[in-house]
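What follows is each chain in one-letter form.
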Amino acid sequence: MDPKTLKYSPTHEWVSLAGDVATIGISRFAVDQLTDLIVIDLPKVGASLVAGKPFGEIESVKAVSDLYAPVGGEVVEVNSAVAADVQLLAADPYENGWLVKLKVAPSVDLSGLFDYDAYVKKTAEEHDH
Amino acid sequence: MYKLVQPPLLFESSRAGRGTAVLPPCDVPDRPLDELIPADQQRLTPPPLPELGELDVVRHYTNLSTLNMSIDSNFYPLGSCTMKYNPKRNERLAALPGLLAQHPYQDESTLQGLLAILYDLQEILAEIAGLDAVSLQPAAGAQGELTALLVAARYFREKGDSRSQVLIPDSAHGTNPASAHLSGFDAVTIKSDGRGLVDLEDFKAKLSDQTAVFMMTNPNTAGLFDPQVREIADLLHARGGLLYLDGANMNAILGVVRPGDMGVDLMHYNPHKTFSGPHGGGGPGAGPIAVRDRLAPFLPAPIVARKAGGEYYLDHDRPHSIGRVRSFFGNTGVLFRAYCYIRSQGPQGLKRIAQHAVLNANYLKALVDDVYPVPYDGPCMHEFVASARTFAKDKGVRAMDIAKRLIDYNVHAPTIYFPLIVSEALMIEPTETESRETLESFAEILLAIAAEDPETLHRAPHTTPISRPDEVKAAKQPVLSWQG
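Basis of the calculations
Residues numbered from 1 in each chain as written. Chains lettered and ligands numbered in written order. Predicted model: local features only at pLDDT ≥ 70, side-chain atom pairs only at ≥ 80, totals over all residues. Helix = DSSP H or I, 4+ residues; strand = E, 2+ residues; numbered from the N terminus. Buried ≥ 20, exposed ≤ 12 C-beta atoms within 10 Å, placed from the backbone. Contact = placed C-beta atoms within 7 Å. Pairing = 2+ DSSP bridges. Right-handed = clockwise from strand over helix to strand, strands pointing away. Nonpolar A, V, L, I, M, F, W, Y, C, P; charged D, E, K, R; others polar. Axes fitted to C-alpha atoms, helices over the stretch in contact; angles between N-to-C directions. Left-handed = near helix turned anticlockwise from the far one by under 90°. Expected span 1.5 Å × (residues − 1). Arc of directions from axis to C-beta. pLDDT = per-residue confidence, 0-100. Parallel < 35°, antiparallel > 145°, perpendicular 65-115°, else oblique.

Looking only at helices and strands, chain B features 18 helices and twelve strands. Residue burial in chain B is summarised as follows: out of 484 residues, 43% are buried. Here the analysis covers contacts within chain B between residues at least 6 apart in sequence; of these, 73% occur between residues at least 24 apart.

The next subject is the pairing of strand S5 (residues 242–247) of chain B. Residue and element names in this part refer to chain B. Of all the six residues making up S5, six are buried; the element is thus mostly covered by neighbouring parts of the structure. Burial along S5 is two-sided: Leu 242, Tyr 244 and Asp 246 and Leu 243, Leu 245 and Gly 247, pointing in opposite directions, are all buried. Pairing analysis gives four bridges linking strand S4 (residues 211–216) to S5, with the strands arranged parallel. Its bridge partner lying in S5, Met 215 is registered against Tyr 244. The parallel pair S4 and S5, bridged by helix H10 (residues 229–238), forms a crossover whose chirality is right-handed. Note that S5 and strand S6 (residues 266–269) share four bridges and pair parallel. Opposite Leu 245, over in S6, you have Met 267 as the bridge partner.

This brings us to the interface of chain A and chain B. Listed as interface residues are nine residues of chain A and, on the opposing side, eleven residues of chain B. Taken together, the elements giving at least two residues each to the side of chain A that touches chain B come down to strand S4 (37–41) and helix H4 (116–127) of chain A. Here the residues of the side of chain A that touches chain B are counted per class, giving four nonpolar, two polar and three charged.

Let's shift gears to the sheet that holds S6(B). Residue and element names in this part refer to chain B. In spatial order, the strands read S1-S7-S6-S5-S4-S2-S3; together these seven strands make up an open sheet with mixed pairing. Only two strands of the sheet have a single neighbouring strand rather than two, namely strand S1 (133–135) and strand S3 (186–190). On average, each strand axis in the sheet is tilted by 25 degrees relative to the strand beside it, whichever way the strands run. In the packing of helix H6 (residues 112–129) onto the sheet, contacts are made with S1, S6 and strand S7 (289–291), and the angle to S1 comes to roughly 125 degrees. Running over the sheet, H10 touches S4 and S5 and is turned about 170 degrees from S4.

All names here are of chain A. Taken together, the three strands give an open sheet; going across it, the order is S4-S6-S7, and neighbouring strands pair in antiparallel fashion. Two strands bound the open sheet, and with one partner strand each, they are S4 and strand S7 (64–68). On average, each strand axis in the sheet is inclined to that of its neighbour by 25 degrees, with strand direction left out of account. Here S4 pairs with strand S6 (residues 54–60) via four bridges, running antiparallel. Pairing of Asp 41 across the sheet is with Glu 57, part of S6.

Let us now look at the pairing of strand S9 (residues 100–103) of chain A. Residues and elements named next belong to chain A. Where strand S3 (residues 21–26) and S9 come together, four bridges link them in antiparallel fashion. Paired with Val 21 across the bridge in S9 is Lys 103. As defined by bridge partners, strand S8 (residues 73–78) adjoins S9 across four bridges and the pair is classed as antiparallel. In the sheet register, Val 75 faces S9, and the bridge partner there is Leu 102.

Residue and element names in this part refer to chain B. One can describe the packing of H6 onto helix H13 (residues 332–368) by two numbers: an axis separation of 10 Å at closest approach and a directional angle of 65 degrees. The two elements H6 and H13 meet at a crossing, and its hand is left-handed. Here Leu 114, Ile 117, Leu 118, Leu 121 and Ile 124 of H6 lie close against H13, whose contacting residues are Thr 332, Leu 335, Phe 336, Ala 338, Tyr 339 and Ile 342. Taken together, the residues of the contact of H6 with H13 break down into ten nonpolar, one polar and no charged.

Moving on to H6(B). Residue and element names in this part refer to chain B. Between the first and last C-alpha of H6 there are 26 Å, a value that for 18 residues agrees with the 26 Å anticipated at 1.5 Å per step. All buried positions along H6 are accounted for by Leu 114, Leu 115, Ile 117, Leu 118, Leu 121, Gln 122, Leu 125, Ile 128 and Ala 129. Taken end-on, H6 shows its buried residues confined to a sector of 155 degrees, consistent with a single buried face. Two residues or fewer after H6 comes Gly 130, characterised by a positive phi angle close to 70 degrees.

Another point: unusual backbone geometry. Residues and elements named next belong to chain B. With omega at -5 degrees, the peptide bond leading from Phe 418 into Pro 419 counts as cis. Inspection of the secondary structure puts Pro 419 in the loop between strand S11 (415–416) and strand S12 (425–428). The omega torsion of the bond from Ala 460 to Pro 461 falls at 0 degrees, within 30 degrees of zero and hence cis. By secondary structure assignment, the location of Pro 461 is in the loop between helix H17 (454–458) and helix H18 (471–476). Notably, Thr 431 is not glycine yet its phi reads approximately 70 degrees, a positive angle.

Here we come to the confidence of the model for chain B. In the predicted model, chain B carries a mean pLDDT of 94, and 99% of its residues have values of at least 70. Two numbers describe this predicted complex: its pTM, 0.88, and its ipTM, 0.72.

So, about the environment of B:Ala172. Mapped onto the elements, B:Ala172 comes out in the loop between strand S2 (165–169) and helix H8 (175–182). In this view, B:Ala172 contacts B:Met215, B:Thr217, B:Thr221 and B:Asp246; residues no more than four positions away in its chain are not counted.

Once that is clear, we can look at helix H7 (residues 141–158) of chain B. Residue and element names in this part refer to chain B. For H7, which comprises 18 residues, the first-to-last C-alpha distance of 26 Å matches the rise-based estimate of 26 Å (1.5 Å per residue) to within 8%. Here H7 lies mainly inside the structure; 14 of its 18 residues are buried. In the stretch just after H7, Gly 160 is the one whose phi turns positive, near 75 degrees.

All names here are of chain B. Between H13 and helix H16 (residues 436–450), whose axes approach to 9 Å, the crossing angle comes to 30 degrees. In this view, H13 runs roughly parallel relative to H16, as classed from their interaxial angle. Viewed along their axes, H13 and H16 form a crossing whose handedness is right-handed. Listed contacts from H16 to Asn 360, Tyr 363, Leu 364, Leu 367 and Val 368 of H13 are Leu 439, Glu 440, Phe 442, Ala 443, Leu 446 and Leu 447. Residue classes in the contact of H13 with H16 are distributed as nine nonpolar, one polar and one charged.

Quick look at the structure:
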């Protein structure tokens, strides 16, 4: 997936919408900040995610961090390859490293999320602290 | 540079038949093994233990110990951990038979000396906190936090008040949300502002009648004193909430300001940071808590009390208590060291500790902040958080590389990547016990490292037997025993 076409949350998750299915992952910036990844905890198919609420955890040698749902919906697919080997996420956060796919409501609203340029600007500012 | 060598494992040095133990002849009647242990429980082969002479074992461990870095051998600016020098006097006093040979099942009448010391320590810790009552029971700072929040939860429950939220700044120690959660509250994050302090607007927005406790670390983990604390306390108290102080950074304000005067209602101490208790090793530790009068009935039982006649006793008759959080009366050995330290320093000495801790941190900060920028302006308290972000951006050198390289210069690394609100954080806390020369030498090392080529830093340390362990593999597939 081309990172430039994705939408981003302030907590560094990305989302890509195709019809009523949203694919969710985390950004390259987030992966770099986490440093060496150890393990990831993802929800099960059928779980119901609420926008802005934690849906899983990722552990690196540095810290354990929550994963926040950028949009709400029902989990229809989980990337079991990443769940088994989180290094896939470290290598490629935008293709093989996607995390979950959600079935979202037709009324889903992505306007509260950043586009690529705004996200890059935000992370540059964040890095200055 | 001289490279240290790791001695071979005891298993690798083992030679069949070599031994250490010289056992005296058996002085009890011999009985057949089957009489003592059922046949199906007996091992047919001896355990595969290494066989070595005593001197080989002594050399093995002595040489291993020289690979360790400790405050007694190296500068140890591990931010947030307050690696001050622990006076050897503490150890000598803690080994006195009057303390060492006590047993918790002894009758109270034979434990009067120990109980007098613990009672005195309760009083002293209450005075330093500016609060009313103390429990010495919690066995670590984090358990102290949890105990204090359980006390707060009981306080609200007995009032019939069902508040559900604990507010916690995003710069807090990770134990804060864990304690809040374990005591039945929901943790709500409060943002930091551009100065690294509590974002007052965010605090006001999230403060409500559901707010049970605000957990504040002051000075905070960025080494900054938050002057808004009185205002925060007033806003919180007006809504019926309690102000908790994470006492991890008490070393910076000891004897200078009392938490109770800041509006704090309950707090914990970390004796290993503030009062020279032993560090590390996973314990035993201590995490005494201090609370205001209205919270005192809920403290763990027993507490040490004094009868009118002067006799000390353990008061178990506390019907509102949350109960025990630790067996007997806590880790008295650690508490005793804290007591020795406090009494040998005296009130003026404690104040000087805080003043020198702050002075040392500010001097060191001034020596390095041109090269290692500190994101928040103004003077710091007992520690400061510098950032390696310019190295990361310009040379691909990260905080981890700098920390690892310091080992080659015989300095312990600072805390890195914490607090999370500063990118590429290097959290540096020199403590009050370091000389000006040590601080200057450390600053020179940091500046020298800044000028080194990235490849040298990526591969550091170069002098240790193991350079960079595979931390991911160590966490996922730890090998915990000899594999033959």
